[in-house]
Amino acid sequence: MKILVCISNVPDTTSKINFTDGDTKFDTNGVQFVINPNDEFGLTRAMWFKEKQGATVHIATVGDASVEPTMRKALAIGADEGIRINAVPTDGFFVAEQLANVIKDGGYDLVIAGRESIDYNGGMVPGILASLLGMNFVNTCISLEVDGSTATAVREIDGGKEKVQAELPLVIGGQKGLVEESDLKIPNMRGIMMARKKALNVVEPVDATKATVDSKFEKPAPKGAVKLTDSVDELVSLLHNEAKVI
């Protein structure tokens, strides 16, 4: 089985977020970037297929040279080969078209993407990718098994779970639950050294549609001051007269 894991390079959630050029561009200065958590769950599941079923695992990222440290981490975790599409990711449709161009001739049986990235939270790439490639698609996937050419997946739905079967080739949108958080792999020194020798191929982007353009960003309003009280009567008064929630 040949697997491609789509990797997004996203800001660490502890990073301080700022914007430049009149709040039209994300300021990357001082920001630490990591593998998108939903993608990391998918990568860890791909490593399970590699260890248990002998799968070959490739990773692909749309980005300039600045994303390579994140890709090297994915290679250190255990992926066999990396593909960097040399373009700055803009909207989801553009990213999906770039990935589809790489996947279509790659002979992949399974494409694992995160349900969404934690930077822009578009949640559109896996579905668009499956449509462009004509592959089956399972989103919000929290469990995945493959037996021959048949995949059995469990997906999260409102109020419960749904178990589905689909034939390969297949695209999934993975999320927390695809593996346990305790199963996430931390690269060891041997993995880091081996990652330096693994192929990280750079391909040029194809002409693709940029369906949306960011016009302006706005940070949430700062939270108001916290009031502390040790009086139940005062608490009730505050909730009724100021917060107006009772």
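All values derive from a computational prediction rather than experimental measurement.

Definitions and cut-offs
- Residues numbered from 1 in each chain as written.
- Predicted model: local features only at pLDDT ≥ 70, side-chain atom pairs only at ≥ 80, totals over all residues.
- Heavy atoms only, no water.
- Helix = DSSP H or I, 4+ residues; strand = E, 2+ residues; numbered from the N terminus.
- Buried < 20%, exposed > 50% of the residue type's maximum accessible area, 1.4 Å probe, protein only.
- UniProt positions renumbered as here; feature names shortened; annotations may be inferred.
- Core = buried A, V, L, I, M, F, W, Y, C linked by side-chain atoms within 4.5 Å.
- Contact = heavy atoms within 4.5 Å.
- Expected span 1.5 Å × (residues − 1).
- Phe/Tyr/Trp six-rings, centres within 6.5 Å; stacked < 30°, edge-to-face > 60°.
- Lys NZ or Arg CZ within 6 Å of the ring centre and 35° of its normal.
- Salt bridge = Lys/Arg side-chain N within 4 Å of Asp/Glu carboxyl O.
- Polar contact = N/O pair within 3.5 Å; in protein donor to acceptor, adjacent residues only side chain to side chain.
- Axes fitted to C-alpha atoms, helices over the stretch in contact; angles between N-to-C directions.
- Parallel < 35°, antiparallel > 145°, perpendicular 65-115°, else oblique.
- Left-handed = near helix turned anticlockwise from the far one by under 90°.
- Pairing = 2+ DSSP bridges.

A. Here's a closer look at unusual backbone geometry. Between leucine 168 and the following residue, proline 169, the backbone shows a cis peptide bond with an omega angle of 0 degrees. Note that proline 169 resides in the loop between strand 11 (160-167) and strand 12 (170-174). Within the chain, aspartate 21 stands out as a residue other than glycine whose phi angle is a positive 50 degrees. By the secondary structure assignment, aspartate 21 is in the loop between strand 3 (19-20) and strand 4 (25-26). Accessibility expressed as a relative area gives 52% for aspartate 21, which makes it exposed. One non-glycine residue, aspartate 23, lies in the positive phi region at around 60 degrees. Here aspartate 23 falls in the partly exposed class, since its relative accessible area comes to 32%.

B. Focus on the UniProt feature "domain: Electron transfer flavoprotein alpha/beta-subunit N-terminal" (unreviewed entry) in the protein chain. Mapped onto this numbering, the UniProt entry gives "domain: Electron transfer flavoprotein alpha/beta-subunit N-terminal" (unreviewed entry) at residues 23-212. Counted over residues 23-212, helix gives 29% and strand 31%. Its end C-alpha atoms are 17 Å apart.

C. Expanded view of the nonpolar core. Core analysis: the biggest nonpolar cluster contains 35 residues, and Ile3, Val5, Leu43, Ile59, Leu144, Leu170 and Ile172 have the highest contact counts within it. Counting residues per element, the ones that place at least two in this core are strand 1 (2-6), helix 1 (37-53), strand 6 (56-62), helix 2 (68-77), strand 8 (110-114), strand 9 (136-147), strand 10 (150-157) and strand 12. Those residues within four positions of isoleucine 172 in sequence are excluded, and the remaining contacts are Leu110, Val111, Ile112, Ala113, Pro126, Phe137, Val138, Cys141, Leu144 and Leu178. Core analysis: the second largest hydrophobic core is formed by 20 residues, Ala60, Val95, Leu99 and Ala130 among them.

D. How the structure looks around helix 1. Taking 1.5 Å as the rise per residue, helix 1 with 17 residues should run 24 Å; its terminal C-alpha atoms sit 24 Å apart, in good agreement. Every buried residue belonging to helix 1 is among Asn38, Asp39, Glu40, Phe41, Gly42, Leu43, Thr44, Arg45, Ala46, Met47 and Phe49, and all of these are buried.

E. View of the packing of aromatic side chains. Considering all chains together, one arrives at four aromatic pairs under this definition. Ring centres 4.8 Å apart and planes at 5 degrees place the aromatic pair phenylalanine 19 and phenylalanine 217 in the stacked group. Taken together, the residues span a long stretch of sequence, with phenylalanine 19 in strand 3 and phenylalanine 217 in the loop between strand 13 (200-203) and helix 6 (232-241) at a distance of 198 residues. Taken together, Phe19, Phe26, Tyr120 and Phe217 form an aromatic cluster joined through their ring pairs. Here the basic side chain of arginine 45 rests over the ring of phenylalanine 49, its NZ or CZ set 5.2 Å away from the ring centre. Above the plane of the ring of phenylalanine 94 lies lysine 210, whose end atom (NZ or CZ) is 5.2 Å from the centre.

F. Region of interest: the pattern of salt bridges. Considering all chains together, one arrives at nine salt bridges under this definition. With its nearest N and O atoms 3.5 Å apart, the salt bridge here joins lysine 25 to aspartate 21.

G. Structural view of the side chain of threonine 152. Following the sequence through the fold, threonine 152 ends up in strand 10. Within polar-contact distance, the side chain of threonine 152 engages the side chain of glutamine 165 at 3.3 Å. With sequence-adjacent residues up to four places away left out, threonine 152 is seen in contact with Ser143, Leu144, Glu145, Lys163, Val164 and Gln165.

H. Expanded view of the packing of helix 1 against helix 2. Interaxial distance between helix 1 and helix 2 falls to 10 Å at its minimum, and their mutual angle equals 30 degrees. With respect to helix 2, the axis of helix 1 lies roughly parallel. Relative to helix 2, the crossing made by helix 1 is right-handed. In contact with Glu40, Leu43 and Met47 of helix 1, helix 2 contributes Lys73, Ala74 and Ile77.

I. Examining the sheet that holds strand 11 more closely. Taken in spatial order, the nine strands of this open sheet run 11-10-9-12-8-1-6-7-13, and their pairing is mixed. Across the chains shown, the open sheet's two edge strands, defined by having one partner strand only, are strand 11 and strand 13. The mean angle between the axes of side-by-side strands here comes to 30 degrees, regardless of whether they run parallel or antiparallel. Summarising the sheet, strand 10 and strand 11 pair through eight bridges and their orientation is antiparallel. Bridged to threonine 150 within strand 11 is glutamate 167.

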